[in-house]
Amino acid sequence: LLVMFSAFVYSCSVLVIRRIGPNESRPFMAMSAAIMSIVVALPWLASHYIAPTLYEWGLFVMMSVVVSIGLLCVSYGLQMAPSAAVVVPYHYTQIIWAALLGYYIFHEVPNVETMIGAGLIILSGLYLIHSETRRPIEF
């Protein structure tokens with residue numbers, strides 16, 4: 001249920017970013033997403049907090065830089081695209097990256113059900129890309 005809720009909230013955020021359009025700065029939108037994530041995570045922090053090591057702090061800083069750049073790029077793409085449906089299907093590549101990183105870092109091999117589900121999601125994204133590129137662009 002938490003994953004479904006997370007997907008719903010992410011979809012809402014994509015729609016909000018698209019609706020705001022070029023009227024708002026991209027750094028503000030990226031900071032808003034980060035602040036919202038912190039606010040949502042705070043209730044669980046007190047009962048699950050473990051002090052990070054210096055190495056983990058370094059990882060946090062590196063992840064923050066990479067995620068910030070990624071959020072800026074996504075918000076730029078959503079602001080400039082004629083439709084959110086043109087940009088969002090490219091997020092499905094995250095499935096492939098997650099599987100590859102899971103295999104190389106954690107030695108996890110996806111099961112058959114996961115592969116079928118990922119395949120259906122990727123095919124849906126490809127269909128969206130195909131249908132959106134055939135439609136006339138409206139500004």
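Now for a look at the structure at hand. Source: prediction; values computed, not measured. (Residues numbered from 1 in each chain as written. Predicted model: local features only at pLDDT ≥ 70, side-chain atom pairs only at ≥ 80, totals over all residues. Heavy atoms only, no water.)

Quick notes on the packing of aromatic side chains
For any pair of aromatic rings, the description consists of the separation of the ring centres together with the inter-plane angle of the planes. The condition that has to hold: Centre distance within 6.5 Å is the pairing criterion for rings of Phe, Tyr and Trp, where only the six-membered ring of Trp is used; planes under 30 degrees apart are then read as stacked, over 60 as edge-to-face, and the remainder as tilted. What counts as a helix is a DSSP run of H or I of at least four residues, what counts as a strand is a run of E of at least two, and both are numbered from the N terminus. Only protein chains enter the area calculation, which uses a 1.4 Å probe; residues under 20% of their type maximum are buried, those over 50% are exposed, and those in between are partly exposed.
In this structure the tally under the stated criterion is 2 aromatic pairs. Aromatic pair Trp57 and Phe60: ring centres 5.7 Å apart, planes at 85 degrees, arrangement edge-to-face. One end of the pair is Trp57 and the other is Phe60, both in helix H3 (residues 54-80) and 3 residues apart, which spans about a single turn. Taking the relative accessible area as the measure of exposure, Phe60 reaches 36% and is therefore partly exposed. For the ring pair Tyr103 and Tyr104, a centre distance of 5.2 Å and an interplane angle of 80 degrees mean the geometry is edge-to-face. Overall, the relative accessible area of 43% leaves Tyr103 in the partly exposed class.

Focus on the layout of surface pockets
Threshold: Within this scheme a cavity is a closed region of a 1 Å grid, computed over the protein atoms alone, that accommodates a 1.4 Å probe without allowing it to escape, whereas a pocket is open but has protein on both sides within 12 Å along at least five of seven lines; lining residues each have an atom within 4 Å of a point. Grid points are joined across faces, edges and corners, and a volume is the space filled by probe spheres set on the points. Throughout this entry, Asp, Glu, Lys and Arg are counted as charged residues, while Ala, Val, Leu, Ile, Met, Phe, Trp, Tyr, Cys and Pro are counted as nonpolar. The remaining residues, Gly among them, count as polar.
Of the pockets and cavities examined, the second largest pocket occupies roughly 710 Å³. Going through the elements one at a time, helix H2 (26-48) and H3 are the ones with two or more residues in the lining of the second largest pocket. Along the lines of polarity and charge, the residues of the lining of the second largest pocket split into 18 nonpolar, 3 polar and 1 charged.

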